[in-house]
Amino acid sequence: MAVLRITKYPEEVLKKKTEPVCEFDAGLQKLIDDMIETMYAAPGVGLAANQVGVSKQVTVIDVSSRDEKSSLIVLVNPAIVHKEGEDTSEEGCLSIPEYTTIVKRAEKVRVTGLDRNGTRIEIEAEGLLARALQHEIDHLNGFLLIDRIGRIKREFFRKRYAREHTVSKE
Ligand code: NI
């Protein structure tokens, strides 16, 4: 296993919709193991494959706190099939370091997908897990949390980002 580099805003791979996985081969198993290690090392509660530069529909999530038993979820080709309620909370993202913002999400979700062996799974979630699922599935569709906030807040984010980063625009 290896800790991989986490891609950062505004890298292109984060803005692109990822490709569905068709083959559950050794390459996929290695990617998943590396993503798990990278998520725990960060540390983060979730990681999408395009956050390690791979444009595939794979995400790993573990919202348990340090003193709780691990609750690792590996999801391949996930989709939200049901949303309910509304929840407004602060969110951060490993691809946008040192930035958090209030994001409105559904309170409960039902997600379908495949596990790492290609077996179909369904997850009913609320609270932090529901939020993490929506955040990671957003990643797989090419959206970041800054795409989920109002236009004015997003402008503030862009200005702050431009001020803090001296990277020249192409
Ligand atoms: Ni994120």
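Since we're looking at a predicted model, the values are computed, not measured.

Enquirer: Before we move on, can you summarise helix α2 (residues 127-140) with the specific residues and values?
Expert: Given a rise of 1.5 Å per residue, 14 residues ought to cover 20 Å, and the 20 Å separating the end C-alpha atoms of α2 matches this to within 8%. All of the buried residues in α2 are Leu129, Ala130, Arg131, Ala132, Leu133, Gln134, His135, Glu136, Ile137, Asp138, His139 and Leu140. Immediately downstream of α2, the backbone of glycine 142 shows phi near 90°, a positive value.

Enquirer: Which residues make up the pattern of salt bridges, and what values go with them?
Expert: Across all of its chains, the model carries 13 salt bridges by this definition. With a shortest N-O distance of 2.7 Å, glutamate 91 and arginine 105 are connected by a salt bridge. One end of the pair, glutamate 91, is in strand β4 (residues 87-93); the other, arginine 105, is in strand β5 (residues 96-105), and 14 residues separate them in sequence. The pair glutamate 91 / arginine 105 is uniform in exposure class, with both members buried. A salt bridge links glutamate 122 to arginine 110, with the shortest nitrogen-to-oxygen separation between them at 3.6 Å. Placement of glutamate 122 in strand β7 (residues 120-126) and of arginine 110 in strand β6 (residues 108-114) is noted, with a sequence separation of twelve residues between them. Note on glutamate 122: relative accessible area 45%, which makes it partly exposed. By relative accessible area, arginine 110 is classed as partly exposed at 26%. Within this structure, Asp87, Glu91, Arg105, Arg131, Asp138 and Arg148 form a network of salt bridges that share partners.

Enquirer: Provide a residue-level description of the coordination of the nickel ion, including the pertinent values.
Expert: The nickel ion binds to the protein through Cys93 (SG), His135 (NE2) and His139 (NE2); the donor distances cover 2.0 to 2.3 Å. Cysteine 93 sits in the buried class, given a relative accessible area of 10%. Here histidine 139 falls in the buried class, since its relative accessible area comes to 1%.

Enquirer: Explain the sheet that holds strand β1 (residues 46-48) to me, and be specific about the residues and the numbers.
Expert: Reading across from one edge, β1-β2-β3-β6-β7 is the order of the five strands in this open sheet, with antiparallel pairing throughout. Each edge of the sheet is formed by a strand with only one pairing partner; in this case those strands are β1 and β7. Averaged over all pairs of adjacent strands, the angle between their axes in this sheet comes to 35°, without regard to strand direction. Relative to β6, strand β3 (residues 73-84) runs antiparallel, the two sharing six bridges. Residue isoleucine 80 lies in a different strand from β6, and its bridge partner there is valine 111. Packed on one face of the sheet, α2 meets β1, β2 (58-61), β3, β6 and β7 and runs near 125° to β7.

Enquirer: Can you explain helix α3 (residues 151-164)? Please cite residues and give values.
Expert: For α3, spanning 14 residues, the distance from its first C-alpha to its last is 20 Å, which sits close to the expected 20 Å at 1.5 Å a residue. Turning to α3, its buried residues number three or more, namely Arg154, Phe157 and Tyr161. Buried positions in α3, seen along its axis, are confined to an arc of 55° and lie on one side of it. Opposite the buried face of α3, by more than 90 degrees, sit the exposed residues Ile152, Phe156, Lys159 and Arg163.

Each value, and the rule that gives it
- Residues numbered from 1 in each chain as written.
- Predicted model: local features only at pLDDT ≥ 70, side-chain atom pairs only at ≥ 80, totals over all residues.
- Heavy atoms only, no water.
- Helix = DSSP H or I, 4+ residues; strand = E, 2+ residues; numbered from the N terminus.
- Expected span 1.5 Å × (residues − 1).
- Buried < 20%, exposed > 50% of the residue type's maximum accessible area, 1.4 Å probe, protein only.
- Salt bridge = Lys/Arg side-chain N within 4 Å of Asp/Glu carboxyl O.
- Donors = N, O, S within 2.8 Å, 3.2 Å for Na, K, Ca; no water.
- Pairing = 2+ DSSP bridges.
- Axes fitted to C-alpha atoms, helices over the stretch in contact; angles between N-to-C directions.
- Contact = heavy atoms within 4.5 Å.
- Arc of directions from axis to C-beta.

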